[in-house]
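Architecture at a glance
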Amino acid sequence: MQDSDPGFTTLRQRIQDGKRLAIVGIGDELFPHDRAGMWAARKIEKHHLPGVEVFLAGTVPESVTGPLRRFQPDHVLFLDAADMGARPGSIIIIDPEHIDASLITTHALPLTVVMEYVEREIGTGVTLLGIQPDLAGTQRDLSDQDLAYLDRNLQRVCRVIRDRQEVPAEK
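Residues numbered from 1 in each chain as written. Predicted model: local features only at pLDDT ≥ 70, side-chain atom pairs only at ≥ 80, totals over all residues. Heavy atoms only, no water.

Let's talk about the overall build of the protein
Put simply, the rule is: Secondary structure elements are defined from DSSP: runs of H or I of at least 4 residues count as helices, runs of E of at least 2 residues count as strands, and each element is numbered from the N terminus. Only protein chains enter the accessibility calculation, which uses a 1.4 Å probe; a residue is then buried when its area is under 20% of its type maximum, exposed when over 50%, and partly exposed in between. Residues count as neighbours in contact if any of their non-hydrogen atoms are within 4.5 Å of one another. Using the Shrake-Rupley algorithm and a 1.4 Å probe, accessible areas are obtained, with residue cover drawn only from the displayed protein chains.
What the protein contains, in helices and strands, is six helices and five strands. In sequence order, the protein lays out its α and β elements as α-β-α-β-α-β-β-α-α-β-α. Buried residues in the protein amount to 47% of all 171 residues. For the protein, long-range pairs separated by at least 24 residues make up 77% of all intrachain contacts whose partners lie at least 6 apart in sequence. Counting every atom, the protein has about 8800 Å² of accessible surface; 49% of that belongs to carbon and sulfur.

As structure tokens, this is what we get:
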């Protein structure tokens, strides 16, 4: 997601009024093509962003529904590896109707079920950020170049999260 991407603007619009934001990292850390969501969530957590709580769900995203309910977020960002045919390290918003076709699923329940539950039962908005793994590469993980690209994209996501509550100075 680039600063000029429509997805970047969409993310900004979705979370702009949220005082409490939950980040949910999803994936199997033992499976290189599926660990990006967990890695990204940990990376975001290191920024200590105000009003942000990070939850590491692993392969069982439904396991965080109780903690999410207690946290009472205004919005939930799910982070998961997804094959979107994009450059490895890309971060793209995936609309719910495209989830089944793009996720590299190792989940106990379909992510759409978990997202719908969170939206309905916790009463909060949800967004899925797909992270493109390197499915064609011979390496076990992203190359250094693709990892740097993912890191730049995460910096942009963190900037949107950090800026979500900044109010312009009154005149």
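Quick notes on the packing of aromatic side chains
To describe a pair of aromatic rings, you give the distance between the ring centres and the angle between the ring planes. Let me state the cut-off plainly: Here a Phe, Tyr or Trp ring, Trp counted by its six-membered ring, pairs with any other such ring whose centre lies within 6.5 Å, and the pair is stacked when the planes are under 30 degrees apart, edge-to-face when over 60, and tilted otherwise. Only when the NZ of Lys or the CZ of Arg is both within 6 Å of the ring centre and within 35 degrees of the ring normal is a charge said to sit over the ring.
Tallied over the full model, the rule gives one aromatic pair. Where phenylalanine 55 meets phenylalanine 71, the ring centres are 6.0 Å apart and the plane angle is 65°; that geometry is what we call edge-to-face. Linking phenylalanine 55 in strand β2 (residues 52-58) with phenylalanine 71 in helix α3 (residues 65-71), this pair joins segments that are 16 residues apart in sequence. Lying over the aromatic face of phenylalanine 71, arginine 20 brings its terminal NZ or CZ to 4.2 Å of the ring centre. Sitting over the face of the ring of tyrosine 149, arginine 87 holds its NZ or CZ atom 3.8 Å from the ring centroid.

A word on the confidence of the model for the protein
Applied cut-off: Per residue, pLDDT captures the predictor's confidence, and it can take any value from 0 to 100.
When pLDDT is averaged across the protein, the result is 86; 84% of the residues are at 70 or more. Counting interchain partners and residues more than four positions distant, the pLDDT-below-50 stretch residues 167-171 has zero contacts.

Points about the sheet that holds β2
The following threshold applies: Here, any two strands with at least 2 DSSP bridges between them count as paired. Note on method: axes are straight lines fitted to C-alpha atoms, helices fitted across the in-contact stretch only, with angles between N-to-C directions ranging 0 to 180 degrees.
As summarised here, the arrangement of the five strands in space is β2-β1-β3-β5-β4, forming an open sheet in which the pairing is mixed. Edge strands, defined here as strands with exactly one partner in the open sheet, are β2 and β4 (91-94). The average undirected angle you get between the axes of adjacent strands in this sheet is 25°. Here strand β1 (residues 21-26) runs beside strand β3 (residues 75-81); their pairing, made up of five bridges, is parallel.

Some thoughts on the nonpolar core
Stated precisely, the cut-off is as follows: By nonpolar core is meant a set of buried Ala, Val, Leu, Ile, Met, Phe, Trp, Tyr and Cys residues that side-chain atoms within 4.5 Å join together.
Core analysis: the biggest nonpolar cluster contains 26 residues, and Leu11, Ile23, Ile44, Leu77, Leu79, Leu129 and Ile161 have the highest contact counts within it. The element contributing the most residues to this core is helix α6 (residues 144-163), with six residues. Setting aside residues up to four positions removed in sequence, isoleucine 23 forms contacts with Ala41, Ile44, Val52, Glu53, Val54, Phe55, Leu77, Leu79 and Ile161. One finds Val76, Met115, Ile122 and Val126 within the second-largest nonpolar core, a separate group that totals 19 residues.

Regarding the environment of aspartate 74
For the record, the criterion: Pairs of N or O atoms are called polar contacts if they sit within 3.5 Å, as long as, within protein, a hydrogen donor faces a hydrogen acceptor (for residues adjacent in sequence, only side-chain-to-side-chain pairs).
Take aspartate 74: it is sitting in the loop between α3 and β3. Here aspartate 74 falls in the partly exposed class, since its relative accessible area comes to 39%. Each C-alpha atom of the pair aspartate 74 and arginine 20 lies 5.3 Å from the other, and the pair is 54 residues apart in sequence. Every residue in contact with aspartate 74, bar those within four places of it in the chain, is listed here: Gly18, Lys19, Arg20, Thr124 and Gly125. For aspartate 74, the side chain forms a polar contact with the main-chain nitrogen of lysine 19, separated by 2.8 Å.

Comments concerning the pairing of β1
We count it as follows: Orient the strands so they point away from the viewer, and a crossover whose first-strand-to-second-strand path over the helix runs clockwise is right-handed.
Here β1 lies mainly inside the structure; six of its six residues are buried. Neither face of β1 is left uncovered, since the one carrying Leu21, Ile23 and Gly25 and the one carrying Ala22, Val24 and Ile26 both have all their residues buried. Following the backbone out of β1, through helix α2 (residues 36-45) and into the adjacent parallel β2, one traces a crossover that is right-handed.

Topic: the pairing of strand β5 (residues 125-131)
Burial within β5 is extensive, with six of its seven residues counted as buried. When β3 meets β5, the two strands line up parallel, connected through seven bridges. Across the sheet, the residue bridging to leucine 77 is threonine 127, located in β5. Pairing of β4 with β5, which is carried by four bridges, proceeds in the antiparallel orientation. Counterpart to isoleucine 91 in the pairing with β5 is isoleucine 131.

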